[in-house]
Number of protein chains: 2
Amino acid sequence: MLLAKGQPRTAQHVRARWVATVEPGHDDVLEDYVISIDQSGSGKILALTKASEFSGKVDLHLQNHLLIPGLINAHTHTPMSLLRGYADDLPLNEWLFQHIFPTEARFVFDAPLEEAEEFVRLGSELACYEMLKTGTTLFNDMYFHGDVTASVARKAGMKAVLTQAGLLYFGDDVRFSGLVESNVKFCSELISSNDVAIRPSLLPHSVYMVPEGKLQEVNAAYNAACAEAHVVIHTHLHETKKEISDVLEQTGKSALQILDGLGMLNKRTVAAHCVYMTDEEIALMAKSGASVAHCPRSNLKLGSGIARVADMLKSGVNVCLGTDGASSNNTLDMMTEMQYASMIAKGVTGDPTVLSAREVLEMATLRGARALGLEAKTGSIKVGKAADLVAVHLGGLETAPIYDPLGQLVYTNSRHVSHVWIDGKCVVQDGTCLTLRSMDLAAMDRLVSKLRDFRKTLPSAT
Amino acid sequence: MLLAKGQPRTAQHVRARWVATVEPGHDDVLEDYVISIDQSGSGKILALTKASEFSGKVDLHLQNHLLIPGLINAHTHTPMSLLRGYADDLPLNEWLFQHIFPTEARFVFDAPLEEAEEFVRLGSELACYEMLKTGTTLFNDMYFHGDVTASVARKAGMKAVLTQAGLLYFGDDVRFSGLVESNVKFCSELISSNDVAIRPSLLPHSVYMVPEGKLQEVNAAYNAACAEAHVVIHTHLHETKKEISDVLEQTGKSALQILDGLGMLNKRTVAAHCVYMTDEEIALMAKSGASVAHCPRSNLKLGSGIARVADMLKSGVNVCLGTDGASSNNTLDMMTEMQYASMIAKGVTGDPTVLSAREVLEMATLRGARALGLEAKTGSIKVGKAADLVAVHLGGLETAPIYDPLGQLVYTNSRHVSHVWIDGKCVVQDGTCLTLRSMDLAAMDRLVSKLRDFRKTLPSAT
């Protein structure tokens, strides 16, 4: 039995049929192991022991389950879960400018603070509930009223990377500087609070929405206030052809070049999408140590295209996975995201060996942790790391027979999350979310009813 | 209340929150309707009535459910469910020639009859179970020992299009003619039996596995014996670039031209895959009235490519959907197949309006029925058609909120099939399959154990 030093007496011992550690160099799935989870405060993984060599009392026996590290959603907009299915099957510009933006203006941007905060609270609750039920333990979010999402994440028992507001520049210098200031304050407070579950980020929406001069202002403010901490630089990058050509036309440079020139392309950078990347741009990403948050389903559904993930991985880029918001996906289910990432990479390259089940699981876990600067603490099943764990039930006939549990995890659809632990605390038990049991569904119904009414006033609502 | 003439007293009245009829010209989802299902023998839909105008007693109230026509799997190999996940992430040739074919040779082709039949029986049961649980009511199958699959389909209460054996020509004329003869006999008996649930097909595997002369023999034998009936011509067509160039090199023609030249490209033809099609070939398909069974997940997973479905639909080709076998998918879940069809079409065309939720539901239902010559009897919810119906529960928070139930059906993953009726008989109730409750799981375990042992002897098994 591999015991960590000073193991306390209070630990939960979980025996699982299969364990995929996602530790580098340990590709094989472990069969019939007991994982010991600290319950005395640290919430860490204390030991990983062959069941046949375990002498203690097993607290939970997961006989038909695969234990994996908690899934990490590297790019999402949680409150937008309220807009799930709000505007399907529409051209991107119509979707964004005639449906999503006007609705967000009415309910978030231009709404009274209390209403905007309620939107964010209810949307974040809905999102956290879905993420927990589908095995996500940590998410990298981009939205507004991040303090509200932080409260929801704490209530849910989840980990998150957040800031107060995503930065969009609409020509008002004073308002923009105010936003930057409030973000810096939010991040500084998070850093000094030593909150281990909620970590800070810097959130320029994109180069096309925040021009070079403004990016410089943001970067300088952060460097002044938070230089010591690992503050994630979370942005959209090269999502559509149009966005790339617009920036090129206006500045003579690509968005990637602009970020690089500002010193904003480095190990702290998580660039969502990167659908269109030249060979040179891929090489630059790899060299910089920046991460790509690949969002395959959103890129497909909005007709943006298919990112060159196999090429990026081959070149050494740290590619992780994100769902994007539920309004362009329409789920926050990272297991489905893994499946799509693998399937479409095989389909477009013509090579079924790329993005294997093992590789996409690593993208959804360890590579996500690396992107967020948390690789030392989470992202794989290893003694001393946080017990951020997911048990997936593979016992149904729809996943039978099982030759390789990782293949069934990634390529079938009837695998269900039965248990989730975050920092050793069980937050989903037998498929029931324990932490979000008191969601205000009546308030959600009232808000959705208002959204439905507003939707009817939009130009081409279906 | 729209009553069909002579409505008997015995009917089941099901009230559903939403009904998607998939009837041409009726794009809107009906809200709060009662569907009356005959229970006196015909199993037909007797009436579709606004709930507010319904005066009878409702037998079942599906408050958070969308009722859709039964899904139609237009191309599958049911017994291969036993090989689900058997050889993931491998190059196609290695997958087929080093894993699948040797295993099928050992367990089916060269096995004693009793063993081969057991493989087909257990695999078909596993497949039918999964298909029922995911809302499929009718499948177009291609495998061996079709009589065994027919028995399983009858036990499951499902509809199927079958023949005795898929035709592969390995140079043995006598054996091939024997196979053709047994197939013709199987089909003739089906036709004269007037079995409404199991319908016949002619199963040449493909032009690359059955050369022109042999196809002519098959066609002549069928025309002599079954000319009066609608015998589906079920074949693989233009699945990979290699297959197309091989046929072209050997014959100077494309497989499509060969089928057309033999008079085998017509309204009875269901061509699986059609990944690579020129504009001229698409025009020929449209003109011929032949159907394409699009199998998006299998084409992706094996690295075959992505079919030009949006172009085919635009040109008037009847494109329906199939899962292919579970060994290259790895599920038989038609709801997921709808989702992939829509998502990848949007992604590769760059147009998010193509293959809308409405369109892919039609592909998975009415267009499938049309392909199999059964459009007059099933494929949409219409008074007088068979009550082949599926109720999908959309009440979970993972599918909330609901602005358009069809969008949530197609684009989310947490929609669950609660009820399935086939010819008016309830075969799935509250998520439980009623017809396949006595599957021999011990025999399945024994067989899978043998398969696992055999798999270890294969050259590059993972």
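Residues numbered from 1 in each chain as written. Chains lettered and ligands numbered in written order. Predicted model: local features only at pLDDT ≥ 70, side-chain atom pairs only at ≥ 80, totals over all residues. Heavy atoms only, no water.

Chain A carries the name MtaD protein in an unreviewed UniProt entry, which gives Symbiodinium pilosum as its organism.

Within this structure, the stated rule accounts for 15 aromatic pairs over all chains. Ring plane angle 80° and centroid distance 5.5 Å describe the contact between F97(B) and F101(B), whose orientation is recorded as edge-to-face. Linking F97(B) with F101(B), this pair stays in helix α1 (residues 92-109), spanning four residues, or about one helical turn. Taken together, the ring pairs connect F107(A), F119(A) and F454(A) into an aromatic cluster. The ring of Y340(A) carries R297(A) above its face, with NZ or CZ at 4.9 Å from the centroid. The lysine or arginine in question, K301(B), covers the ring of Y411(A), its NZ or CZ lying 4.6 Å from the ring centre. (Phe/Tyr/Trp six-rings, centres within 6.5 Å; stacked < 30°, edge-to-face > 60°. Helix = DSSP H or I, 4+ residues; strand = E, 2+ residues; numbered from the N terminus. Lys NZ or Arg CZ within 6 Å of the ring centre and 35° of its normal.)

Residues and elements named next belong to chain A. Of note, E31 is situated in strand β2 (residues 30-38). Taking relative accessible area as the criterion, E31 reaches 52% and is therefore assigned exposed. Between the C-alpha atoms of E31 and A51, which are 20 residues apart in sequence, the distance is 8.7 Å. If sequence neighbours within four positions are ignored, E31 has contacts with R17 and W18. (Buried < 20%, exposed > 50% of the residue type's maximum accessible area, 1.4 Å probe, protein only. Contact = heavy atoms within 4.5 Å.)

Turning next to the relation of the copies chain A and chain B. Taken as rigid bodies, chain A and chain B are interconverted by a rotation of 180° and an axial shift of 0.0 Å, the fit giving an RMSD of 0.0 Å. Between the two chains, the operation in question is that of a two-fold axis. When the interface residues of chain A are mapped onto chain B, 100% of them are again interface residues, pointing to one common binding face. (Least-squares fit on C-alpha atoms with pLDDT ≥ 70 in both.)

Turning our attention to α1(B). All names here are of chain B. Compared with an ideal rise of 1.5 Å per residue, which puts 18 residues at 26 Å, α1 spans 21 Å between its outermost C-alpha atoms and falls more than 12% short. Its axis deflected by about 30° at I100, α1 carries its strongest bend there, up to four residues before the proline P102. Of all the residues in α1, the buried ones are W95, L96, H99, I100, T103, E104, F107 and V108. Those residues of α1 hidden inside the fold are in contact with α2 (113-133) and α15 (441-456). (Expected span 1.5 Å × (residues − 1). Bend = angle between axes of the 7 residues up to and from the residue.)

Another aspect to go through is the sheet that holds β2(A). With mixed pairing, the eight strands of this open sheet are ordered in space as β3-β2-β1-β4-β13-β14-β15-β16 (chain A). The strands lining the two open edges of the sheet, one partner per strand, are β3 (45-50) and β16 (432-433) of chain A. (Pairing = 2+ DSSP bridges.)

Another aspect to go through is the UniProt feature "domain: Amidohydrolase-related" (unreviewed entry) in chain A. UniProt marks residues 67-427 of chain A with the feature "domain: Amidohydrolase-related" (unreviewed entry), using the numbering shown here. Its end C-alpha atoms 15 Å apart, residues 67-427 of chain A is made of 45% helix and 16% strand. (UniProt positions renumbered as here; feature names shortened; annotations may be inferred.)

This paragraph deals with the interface of chain A and chain B. Opposite the 60 residues of chain A that make contact, chain B presents 60 residues. Of the roughly 4,700 Å² buried between chain A and chain B, counting both surfaces, carbon and sulfur atoms make up 61%. Looking at the side of chain A facing chain B, the largest losses of area belong to D89(A), L397(A) and Y403(A), adding up to 17% of the total buried there. Between the two partners, chain A and chain B, sit two salt bridges. For K346(B), the salt bridge is made with D89(A), and the minimal N-O distance between the two is 2.8 Å. Mapped by element, the contributors of at least two residues to the side of chain A that touches chain B are α2 (113-133), α9 (296-301), α11 (334-349), α14 (405-411) and α15 (441-456) of chain A. When residues in the side of chain A that touches chain B are grouped by element, the largest group, eight residues, is from α11(A). Class assignment of the residues belonging to the side of chain A that touches chain B gives a composition of 27 nonpolar, 19 polar and 14 charged. (Buried area = accessible area lost by both parts, 1.4 Å probe. Salt bridge = Lys/Arg side-chain N within 4 Å of Asp/Glu carboxyl O. Nonpolar A, V, L, I, M, F, W, Y, C, P; charged D, E, K, R; others polar.)

Now for the sheet that holds strand β16 (residues 432-433) of chain B. The strands making up a sheet are joined through hydrogen bonds of the backbone, oriented either antiparallel or parallel. Residue and element names in this part refer to chain B. If you walk across this open sheet you meet the eight strands as β3-β2-β1-β4-β13-β14-β15-β16, and the pairing is mixed. Edge positions in the sheet fall to β3 (45-50) and β16, since each of these pairs with one other strand and no more. As paired elements, strand β4 (residues 60-69) and strand β13 (residues 389-393) share five bridges and run antiparallel to each other. Bridge pairing links P69 to L389 in β13.

Residues and elements named next belong to chain A. Segmentation of chain A into domains returns domain 1 (11-69 + 388-433) and domain 2 (71-371). Using only C-alpha atoms to locate each centre, domain 1 and domain 2 end up separated by 29 Å. Between domain 1 and domain 2, the residue contacts involve 28 residues of the former and 28 residues of the latter. Both sides of the domain 1 and domain 2 interface together cover about 2,200 Å² of buried area, and 66% of this is carbon and sulfur. Applying the counting criterion to the domain 1 and domain 2 interface returns three salt bridges. For K159, the salt bridge goes to D423, with nearest N and O atoms at 2.9 Å. Seen at the junction of domain 1 and domain 2, the total is 12 residue pairs in polar contact (both at pLDDT 80 or more). Per-element tally for the side of domain 1 that touches domain 2: the top contributor is α14, with five residues. Here the side of domain 1 that touches domain 2 is composed, by residue class, of 19 nonpolar, four polar and five charged. (Domains from an automatic or database assignment. Polar contact = N/O pair within 3.5 Å; in protein donor to acceptor, adjacent residues only side chain to side chain.)

By the secondary structure assignment, S356(B) is in the loop between α11 (334-349) and α12 (357-363). Judged by relative accessible area, which is 15%, S356(B) ranks as buried. Contact partners of S356(B), with chain neighbours within four places excluded, come to D89(A), K346(B) and Y411(B).

A few words on the pairing of strand β15 (residues 425-429) of chain A. Residue and element names in this part refer to chain A. By the bridge criterion, three bridges tie strand β14 (residues 416-422) to β15 in an arrangement that is antiparallel. Bridging across to β15, I422 finds its partner in K425. The hairpin formed by β14 and β15 contains two residues between the paired strands, and D423 there has a positive phi angle of roughly 45°. Note: β15 against β16, two bridges, orientation antiparallel. Of the residues in β16, the one forming a bridge with V428 is C433.

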